[in-house]
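# Secondary and tertiary structure notes
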Amino acid sequence: MLSKFQLIANLVTQLRAQPEFKQEHFNWTSESIIEELEKAQSLIISEGDEVYSFLCFRESVDSFEITVLATRPDMQKRGLQKRLLQDLKKLASFKPILL
C-alpha cells in the first residue's frame, strides 16, 4: 500500500496529465503537495490506492488553518469535502478554522 504522500502526489500527477485540467483550478505541483503533506496534517478519503478527496491543514495554538482542499473531478458533487470538513470540525471543536 502506498503512503498518503505518494497517493496524493500520484493524484496530482494524474490530474495534470488530463487535457481538460485547468491550471487555475489547482496550482500545486506534486512536489509542493508532498512538501505541504510533510509539514501539515491531512484528512483523506480513499479506496485502495485511489484518493478521491483530501484536505490539508495546520494547527496553531488557537486555530486550524486549511491549506489545501481537493477532490478528483469525477468524484465531485458527492459530499466528500463536506465529510472531510465535518471530520476537521470534530478535531477543532474548541478552535476556529481559518481558510
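Quantities reported herein were computed from a predicted structural model and do not represent experimental measurements. Counting starts from 1 at the beginning of each chain's written sequence and moves along it residue by residue. Note on the predicted model: pLDDT of at least 70 is required for a residue's local features to be given, and 80 or more for side-chain atom pairs to be given and counted; whole-chain, interface and lining totals, by contrast, use all residues. Side-chain numbers here rest on the full set of heavy atoms in the structure, without hydrogens or water.

## Observations regarding the packing of aromatic side chains
- Two aromatic rings from Phe, Tyr or Trp, using only the six-membered ring of Trp, form a pair when their centres are within 6.5 Å; if the ring planes differ by under 30 degrees the pair is stacked, by over 60 it is edge-to-face, and anything between is tilted. Counted according to the given criterion, the structure contains 1 aromatic pair.
- Taking the centre distance of 5.6 Å and the plane angle of 50° together, the rings of phenylalanine 57 and phenylalanine 64 count as tilted. Like phenylalanine 57, the residue phenylalanine 64 is buried in the burial classification. Burial classification: accessible surface area is computed with a 1.4 Å probe over protein chains only, and a residue below 20% of its type maximum counts as buried, one above 50% as exposed, and the rest as partly exposed.

## Looking at unusual backbone geometry
- Its identity is not glycine, yet lysine 77 carries a phi of approximately 70°, on the positive side.
- Labels follow the DSSP assignment, with helices taken as runs of H or I lasting at least four residues and strands as runs of E lasting at least two, numbered in each case from the N terminus. Tracing the chain through its elements places lysine 77 in the loop between strand S3 (64-71) and helix H3 (80-91).

## Side note on the confidence of the model for the chain
- Confidence scores per residue from the predictor, reported as pLDDT, run from 0 to 100. Chain-level pLDDT for the chain is 79 on average; 80% of the residues reach the 70-or-more range.
- Across the chain, H3 holds the top mean pLDDT of 91, while strand S4 (residues 97-98) sits lowest at 69.

## Comments concerning the side chain of threonine 71
- Along the chain, threonine 71 falls in strand S3.
- The class of threonine 71 is buried, set by a relative accessible area of 17%.
- In terms of polar contacts, threonine 71 uses its side chain to reach the side chain of glutamine 81, at 3.4 Å.
- Between two residues, a contact is recorded if the distance between any of their heavy atoms is within 4.5 Å. Residues within four places of threonine 71 in sequence aside, it is in contact with Tyr52, Ser53, Gln76, Leu80 and Gln81. The term polar contact refers here to a pair of N or O atoms within 3.5 Å; inside protein, the definition further demands a hydrogen-donor-capable atom paired with an acceptor-capable atom, and it admits residues adjacent in sequence only when both atoms are side-chain atoms.

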